[in-house]
Amino acid sequence: MFVLPVRFERSPRLHAMLSEEAHAVGTRVVVQGKRGPEVATVRGDAAPPEPQGRYGAVLRAATPDDLGRWEALHASGEDLKWLLRARARQKNLPVKVVAVEFTLDESLVTVSYSADERIELSGLIGEVRAHTRARVNFAAVGPREQAQMIGTLGACGRENCSSTHLQDFAPVSIRMARDQQLPLNPEKLSGPCGRLLCCLQFEHTQYLDLLKDLPRKNARVCHEASGACGKVTKLHPLAGTVDVFTDQGILTDVPATELRRLTDAEIKALPDGGRGGRPGKPARDR
């Protein structure tokens, strides 16, 4: 037996499946998932199973008949999705139908939807049953899951991370934006889903490593070559530099490797006790 990582159509998440055959990467296979038989794509090399692992099962390589039926069910799901959206508008239901997905044997249809509050969807069940005899399952999805299933463009101009490679939605906090020295502007820190950008989380550890080599903000430092001292006002982790407001009233961008951090004794010996002046509109040293 082998373990194959497979990917379903509407999510980049990889699912481990047991298989009697080591199918090649890119092979379309029929798998037995939680909802029933579905078509998925092999996205990694085969590996031996772990003794305590919990896996789904690869039933077979998808045949042309399987793929033709899967495409037809996908088209039916898209048509039903737009129908349900129209019926929801007619009934004034505050809900957005995100996706409608059939299992390969058409025994179950899953209607994924998003709503700001709990709503009664019994009025839409009849609309679904008028077009299929499959059992109907309504599944609420959050803003991030909605963006993952639909697919959107991020601020970088590329397809959003949640629908291309992210395996899990890890918690994202505003502290991560502070550590990356980003302006705390909600419009710039939010993704198309309206939540904090996922990239803040998976880039955070890199920024923490870079910040270890930089002095803290408001720290007192001196330039090794010129001897000029001042206070750190801003950090540039990617460039490895900091902005220093010198005691002479000049704001300068200096590589952190050229700075010496003052000891507590040196700071206390300064005339102002290390408080430094407040930068008003200093001249920047070019």
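Residues numbered from 1 in each chain as written. Predicted model: local features only at pLDDT ≥ 70, side-chain atom pairs only at ≥ 80, totals over all residues. Heavy atoms only, no water.

## So, the UniProt feature "domain: PSP1 C-terminal" (unreviewed entry) in the protein
Sequence positions flagged by UniProt for "domain: PSP1 C-terminal" (unreviewed entry) are, in local numbering, residues 56–141. Along residues 56–141 the backbone is 41% helical and 30% strand, and the end-to-end C-alpha distance reaches 23 Å. (UniProt positions renumbered as here; feature names shortened; annotations may be inferred. Helix = DSSP H or I, 4+ residues; strand = E, 2+ residues; numbered from the N terminus.)

## Observations concerning helix H1 (residues 64–90)
A rise of 1.5 Å per residue sets the reference length of H1, with its 27 residues, at 39 Å; its end C-alpha atoms lie 39 Å apart and thus fit the reference within 8%. Of the positions making up H1, those classed as buried are Asp 66, Trp 70, Leu 73, Gly 77, Leu 80, Lys 81, Leu 84, Arg 85 and Ala 88. Summarising the contacts, the buried residues of H1 are in contact with strand E3 (28–32), strand E4 (37–42), strand E5 (56–61), strand E6 (96–102), strand E7 (108–114) and helix H2 (122–129). Trailing H1 by a residue or two, Asn 92 shows a phi angle of about 55 degrees, which is positive. (Expected span 1.5 Å × (residues − 1). Buried < 20%, exposed > 50% of the residue type's maximum accessible area, 1.4 Å probe, protein only. Contact = heavy atoms within 4.5 Å.)

## Digging into the pairing of strand E8 (residues 135–140)
The pairing of E7 with E8 spans six bridges and is classified as parallel. Each residue of the ladder has a partner; that of Leu 108, found in E8, is Arg 135. A crossover links E7 with its parallel partner E8, the connecting element being H2, and its sense is right-handed. (Pairing = 2+ DSSP bridges. Right-handed = clockwise from strand over helix to strand, strands pointing away.)

## Remarks on the sheet that holds E6
Reading across the sheet, the three strands line up as E6-E7-E8 and stay open at both edges, with mixed pairing between neighbours. Where the open sheet ends on each side, the last strands, each with one partner, are E6 and E8. Taking each pair of neighbouring strands and ignoring which way they run, the sheet shows an average axis angle of 20 degrees. Along the sheet, H2 contacts E7 and E8; its crossing angle with E8, the most-contacted strand, is approximately 135 degrees. Of the strands in this sheet, E6 and E7 touch helix H3 (residues 143–150), which is tilted by about 55 degrees from E6. (Axes fitted to C-alpha atoms, helices over the stretch in contact; angles between N-to-C directions.)

## A short note on the side chain of Ser 163
Relative to the assigned elements, Ser 163 resides in the loop between H3 and helix H4 (174–179). A distance of 2.7 Å separates the side chain of Ser 163 from the side chain of Asn 160, its partner in a polar contact. Excluding anything up to four places from it in sequence, Ser 163 contacts Arg 7, Pro 12, Ala 147, Gln 148 and Gly 151. (Polar contact = N/O pair within 3.5 Å; in protein donor to acceptor, adjacent residues only side chain to side chain.)

## Section: the confidence of the model for the protein
Confidence in the prediction of the protein, expressed as mean pLDDT, is 85, and 92% of residues score 70 or more. Confidence drops under pLDDT 50 across residues 277–283; counting only partners more than four residues distant or on other chains, this segment forms 11 contacts. (pLDDT = per-residue confidence, 0-100.)

## Here we look at the state of the cysteines
Taken as a whole, this structure holds one disulfide when the rule is applied. Each sulfur of the disulfide joining Cys 222 and Cys 229 lies 1.7 Å from the other. One disulfide, between Cys 222 and Cys 229, carries an S-S torsion of 95 degrees and so falls in the right-handed class. In this structure, Cys 222 and Cys 229 share a single accessibility class: buried. A disulfide-free cysteine, Cys 193 has its sulfur positioned 6.1 Å from the sulfur of Cys 198, the nearest such atom. Note on Cys 199: no disulfide assigned, nearest cysteine sulfur contributed by Cys 161 at a separation of 5.8 Å. Overall, Cys 199 belongs to the partly exposed group, its relative accessible area being 23%. (Disulfide = S-S within 2.5 Å.)

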